[in-house]
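Fold and geometry: a report
Residues per chain, in single letters:
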Amino acid sequence: MKNNFFPSYSIGPDAYDEIRVVCPHFGKTAVIIGGNTARAKAEPAIRKACSGSIEILGSFLYGDDATFENADKLTEIPEVKEADMIFAVGGGRACDTTKCAAEKLDKPLFTFPTLISNCASVTAVCIMYYPDHTYRANWYRKRPAYHTFINTTITGGSPENYFLAGLGDALSKEYEVLFSARGDKLNYIRSIGVRLAGNCSDGLIEKGAEAARDFHEGKATETLTYVAQNIIISTGLVSNCIPIEYNSSLAHAIYNSFHDVPHTVNALHGDVVCYGTLVLLTLDKQIAERDRMRKLCKEAGLPYKLAHIGIKIEDAPNLVKEAIKKPDVDKVPYPLKEKDILAAIEELEGLD
Ligand SMILES: [Zn+2]
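Residues numbered from 1 in each chain as written. Predicted model: local features only at pLDDT ≥ 70, side-chain atom pairs only at ≥ 80, totals over all residues.

**Remarks on the pairing of strand E7 (residues 135–140)**
- In terms of burial, E7 is a largely surface element, zero of the six residues being buried.
- In this sheet, E7 lies alongside strand E6 (residues 125–129) in antiparallel orientation, the contact comprising five bridges. Directly across from Met128, in E7, lies its bridge partner Ala137.
- Hairpin geometry of E6 and E7 is characterised by an intervening segment of five residues between the two adjacent antiparallel strands and by a positive phi of about 75° at His133. (Buried ≥ 20, exposed ≤ 12 C-beta atoms within 10 Å, placed from the backbone. Helix = DSSP H or I, 4+ residues; strand = E, 2+ residues; numbered from the N terminus. Pairing = 2+ DSSP bridges.)

**A few points about the domain arrangement of the protein**
- By domain assignment, the protein separates into domain 1 (9–156) and domain 2 (160–350).
- On a C-alpha basis, the centres of domain 1 and domain 2 stand 27 Å from each other.
- Contact residues are listed per partner, giving 21 residues for domain 1 and 20 residues for domain 2.
- When residues of the side of domain 1 that touches domain 2 are traced back to their parent elements, those giving at least two are strand E1 (9–12) and helix H6 (152–156).
- The dominant element in the side of domain 1 that touches domain 2, judged by the number of residues it contributes, is H6, at four residues.
- When grouped by side-chain class, the residues that make up the side of domain 1 that touches domain 2 number 12 nonpolar, nine polar and no charged. (Domains from an automatic or database assignment. Contact = placed C-beta atoms within 7 Å. Nonpolar A, V, L, I, M, F, W, Y, C, P; charged D, E, K, R; others polar.)

**Things to note about the sheet that holds strand E4 (residues 85–90)**
- What the six strands build is an open sheet, ordered E1-E8-E5-E4-E2-E3; its pairing is parallel. The open sheet terminates on both sides in strands that have one partner only, identified here as E1 and strand E3 (55–61). Strand-to-strand, the axes of this sheet are offset by a mean angle of 20°, without reference to chain direction.
- Examined bridge by bridge, E1 and strand E8 (residues 147–151) share four bridges and lie parallel to one another. (Axes fitted to C-alpha atoms, helices over the stretch in contact; angles between N-to-C directions.)

**Here we look at the nonpolar core**
- By size, the foremost hydrophobic cluster in this structure holds 112 residues, and its most contacted members are Ile86, Phe87, Leu167, Ile254 and Val279.
- Of the residues forming this core, the biggest block, 12 residues, is contributed by helix H7 (residues 160–181).
- Here this core gathers at least three residues from each of two domains, domain 1 (9–156) and domain 2 (160–350). (Core = buried A, V, L, I, M, F, W, Y, C linked by C-beta atoms within 7 Å.)

**Structural notes on helix H12 (residues 269–283)**
- Between its terminal C-alpha atoms H12 stretches 21 Å, which fits the 21 Å expected from 15 residues at 1.5 Å a residue.
- Within H12, 15 of the 15 residues are buried, which leaves the element mostly enclosed by the surrounding structure.
- Looking one or two places after H12, you find Lys285, whose phi comes out positive at around 60°. (Expected span 1.5 Å × (residues − 1).)

**Thoughts on the pairing of strand E5 (residues 109–113)**
- Along E5, five of the five residues are buried, which leaves the element largely enclosed by surrounding structure.
- Residues Leu109, Thr111 and Pro113 line one face of E5 and the alternating positions Phe110 and Phe112 line the opposite face, and both faces are buried.
- Across two bridges, E5 lies against E8 in parallel orientation. Counterpart to Thr111 in the pairing with E8 is Thr148.

**Regarding the environment of His25**
- With respect to the element layout, His25 can be found in the loop between helix H1 (19–22) and strand E2 (29–34).
- Between the C-alpha atom of His25 and that of Pro243, which follows or precedes it by 218 residues, the distance is 31 Å.

Have a look at this one:
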């Protein structure tokens, strides 16, 4: 029998108050592991929320990237070994390293994302890299964190480009999953995941631009919290229900080829994935949906042309040539042809 675990979370400016409701069932002591910036921002509030119920034994830098080497080093720290619980604080790479370390130590894990940028804080998968920062593996824990605490005062103060990239990455979920799973007979949990994926884009497209404005102006609005849940929780729910071959497609294949071609901008993962999603929708002739998403990209300041991710049109054939080799496009509903992907890119270039 396979276990199915779903994200459990608290969100809001006072989300950390819930630590004393949730965590004492798992122990009396904890360590904090995360990035330096994230810990500087979140740790005082976490410590304050824990006072009187959980003793923090120490706070440690996760390392410089999500590597097994860094995770192993963390498992050797005496306070980490001793603590009843592990608190992962920060962005995707800090969370994934700490998720890996907590699993190796078989200790209850709680996550505290400080960016609205990805679903790492609520998923079981850890995206691991080699020490030279090249991609190594998708490594699976037995389950996601026991609970995720999203303090919107802290996430609201994070860098705007990460929020926008998170919005761009989340926009890929519905289209890539539905494209990969198209025509398949699905078991119960996969069908739940695919149906949830089908619910990812509407909210982002309807409210994404307004949320981007609120974020830019530093306003903690309900719209921003709504979009943050779409970025962190909805995508994470989907990932926990579907197999890896449904989890990405052409948009991520394009991102995974970005470093194979010359580029003048060091675009973030979500920026390139966002552009790649427009290519996928164009290729798949979902033109009305493409135009709806493209309108949001224009309003929110997300990429919708090659130049926005720093790639010249003359390098597009090489980008496509590399993308089509990536495992992201192993599971497709019809064979992908380089010339059709290139035609989709050219069509996007021709739009205003
Ligand atoms: Zn992604």
